[in-house]
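Structural overview
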Amino acid sequence: MPVAPTLAFQDTLSKFRNALRLLEKQQERVPVDDEENFPFLLLQKLAEIGGLSATLPVENGGRGLHDSPVGMEALSELLRLAGRLNLALGRCLEGHLNVVRLVSLYGSARQRVLLAEYLQHNTLAGIWVTDGVPPVALVQNGNEIRLTGQKGFASAVRAVGVALITARTEQGDTVMVLVPVGERARMGPGPGHLTGMSGSGTGSYAFTGVVVPSTNIIGKPGDYLRQPEFSAGAWRGSAVALGGMDHLVHLLLEELRGRDRASNPHQQVRIGEALILRETASMWVRRAAMAACNSHAEAGETVAIVNLARIAVEQSALALIPLVQRGLGVMAFVRGRPVERVMRDLATYLRQPAPDETLTEAAGWFTEHEWPENVA
């Protein structure tokens, strides 16, 4: 539940936000990573400023960014910066923070300490829920559980050290399990070579024969799909996508200035439209973050606002991509150039499931309910 920030918390938060801004400035002139490789160096730099542990509860060594509106603003800055630096990095950081959030919400005190111990060693967590063939199941035997099956869409499979996975019990329920990962022999190919986001290193992971303590089961059956968190957490992905838009707008301006074309009136129209799209997305991301932090709102309202924000950011980003292409011409399509890569990564990242259903369900809520005047 959101709490009033203390002076000590505000001071810690201010230092963290300053560290984010310094990191952004330091990375401005760094060449774009090889898109086929996971951005380990950028991940290390985020870890050094506390980015991996930022959402842990304060008592577990984190900054408790989920616990107040000002904390959520800092969390939004972190996700946006990650997306701006590298969308593959942003995707994996968002998944990592989702793991921290779920364990904080549904885990026991001991489980939160266990996760904090992993993060103290800058371990990247992954959330792997898409099953392969066969799907992941578990058999409990006393104080331990034995896993079978595989996950077929495991982001950052070669970088993740601990994964929160879903598994089917003998009773047919779905539970979350925290599992150490990293055995190379268990890693396999993913769904195929994606158009973008190659740097996220998506693969498969075989869990057959893995044994973990039964205390590694997080929460109760069905908690992973529990609302509003299941849908409200989508705001973090929108913040990452916004960072990708930041990068794309920057590249558009940089290239037009380099060609001495930024003052052309037709290009200025495109620049103005790009800024409008980016700032529209920015306002929606903030609205969604504040909604996700509002413990007084009904679950349906929170979900509806975050879902509208998700669609608004998607629409803005999809409108930005062809605008940049028209502004830069054929040079925007030269494979491997930063602008071409960011467009492919962003278009791939935006392809989240069921956008039509997301929009109609959100509209359905506000067909029956008034729009809230204040979310912050």
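Everything in this summary refers to the structure shown in the same document. These numbers come from a predicted model, not from an experiment. (Residues numbered from 1 in each chain as written. Predicted model: local features only at pLDDT ≥ 70, side-chain atom pairs only at ≥ 80, totals over all residues. Heavy atoms only, no water.)

**Digging into the sheet that holds strand S4 (residues 150–154)**
Filter applied, for reference: When DSSP finds two or more bridges between a pair of strands, those strands are recorded as paired. The helix and strand labels rest on DSSP assignments: H or I over at least four residues marks a helix, E over at least two residues marks a strand, and numbering proceeds from the N terminus. Angles here are taken between N-to-C directions and fall from 0 to 180 degrees, while the axes themselves are lines fitted to C-alpha atoms, restricted in helices to the stretch in contact.
Within the open sheet, the three strands sit side by side as S4-S8-S7. Their pairing is antiparallel. Looking at which strands have only one partner, the edges of the open sheet turn out to be S4 and strand S7 (187–189). Each strand axis lies, on average, 30 degrees off the axis of its neighbour in the sheet, ignoring direction. Relative to strand S8 (residues 203–206), S4 runs antiparallel, the two sharing three bridges. The residue of S8 that forms the bridge with Ala154 is Gly203.

**Let's talk about the layout of surface pockets**
Definition in use: Every definition here rests on a 1 Å grid over the protein atoms only: cavities are sets of points where a 1.4 Å probe fits but cannot get out, pockets are open sets enclosed by protein on both sides within 12 Å along at least five of seven lines, and lining residues have some atom within 4 Å of a point. Grid points are joined across faces, edges and corners, and a volume is the space filled by probe spheres set on the points. Note on residue categories: nonpolar means Ala, Val, Leu, Ile, Met, Phe, Trp, Tyr, Cys or Pro, charged means Asp, Glu, Lys or Arg, and polar means any other residue, Gly included.
Approximately 1200 Å³ is the volume found for the largest pocket. Lining the largest pocket are 40 residues, and of these Arg91, Glu94, Ala234, Gln352 and Pro353 sit closest to its centre. Mapped onto the lining of the largest pocket, the elements with two or more residues apiece are helix H4 (87–106), strand S1 (124–128), helix H6 (229–232), helix H7 (234–258), helix H9 (299–328), helix H10 (338–349) and helix H11 (355–368). Classifying every residue of the lining of the largest pocket by side-chain character gives 17 nonpolar, 14 polar and nine charged.

**Points about the nonpolar core**
To be explicit about the condition: Working definition of a nonpolar core: buried Ala, Val, Leu, Ile, Met, Phe, Trp, Tyr and Cys residues. They are joined through side-chain atoms within 4.5 Å. Partly exposed residues are those whose accessible area sits between 20% and 50% of the maximum for their type, while under 20% is buried and over 50% is exposed, using a 1.4 Å probe and protein chains only. Note on definitions: a residue-residue contact is assigned when non-hydrogen atoms from the two residues lie within 4.5 Å.
In this structure, Trp128, Val177, Phe207 and Trp235 are the most contacted members of the largest nonpolar core, which totals 90 residues. The biggest single contributor to this core is H7, with 12 residues. Among residues more than four places away in sequence, those in contact with Phe207 are Trp128, Val136, Leu147, Thr148, Gly149, Gln150, Lys151, Ile165, Val179, Val181 and Arg186. Leu56, Val103, Leu119 and Leu178 belong to the second largest nonpolar core, which has 16 residues in total.

**A look at the side chain of Ser316**
Locating Ser316 in the fold gives a position in helix H9. Owing to a relative accessible area of 5%, Ser316 belongs among the buried residues under this scheme.

**Brief notes about the pattern of salt bridges**
Convention followed: In what follows, salt bridge is the name for a side-chain nitrogen of Lys or Arg lying within 4 Å of a carboxyl oxygen of Asp or Glu.
As enumerated under the stated definition, the model contains 22 salt bridges in all. Here Arg259 ties to Glu255 by a salt bridge, and the two come within 2.7 Å at their closest N and O atoms. Judged by its relative accessible area of 34%, Arg259 falls in the partly exposed class. Since its relative accessible area comes to 16%, Glu255 is described here as buried. A salt bridge links Arg337 to Glu255, with the nearest nitrogen and oxygen atoms 3.2 Å apart. With Arg337 in the loop between H9 and H10 and Glu255 in helix H7, this residue pair connects regions lying 82 residues apart in the sequence.

**What to know about the pairing of strand S3 (residues 144–148)**
On S3, burial follows the alternation: Ile145 and Leu147 on one face are buried, whereas Glu144, Arg146 and Thr148 on the facing-out side are not. Pairing geometry for strand S2 (residues 137–141) and S3, over five bridges, is antiparallel. Residue pairing for S3: Val139 is matched across the bridge by Arg146. Hairpin connection of S2 to S3: two residues between the antiparallel strands, including Gly142 at a positive phi of 65 degrees.

**Things to note about a nonpolar patch on the surface**
Let me state the cut-off plainly: The residues that make up patches have over 30% relative accessible area and no salt bridge, and they are joined within 9 Å when like-charged or within 5 Å when they are Val, Leu, Ile, Met, Phe, Trp or Tyr. Each accessible area is a Shrake-Rupley result for a 1.4 Å probe, and residues are judged covered by the shown protein chains and nothing else.
A cluster of nonpolar side chains, namely Val330, Met331, Phe333 and Val334, defines an oily patch on the protein surface of about 370 Å² accessible area. Residue position: Phe333 is located in the loop between H9 and H10. Here Phe333 falls in the exposed class, since its relative accessible area comes to 51%.

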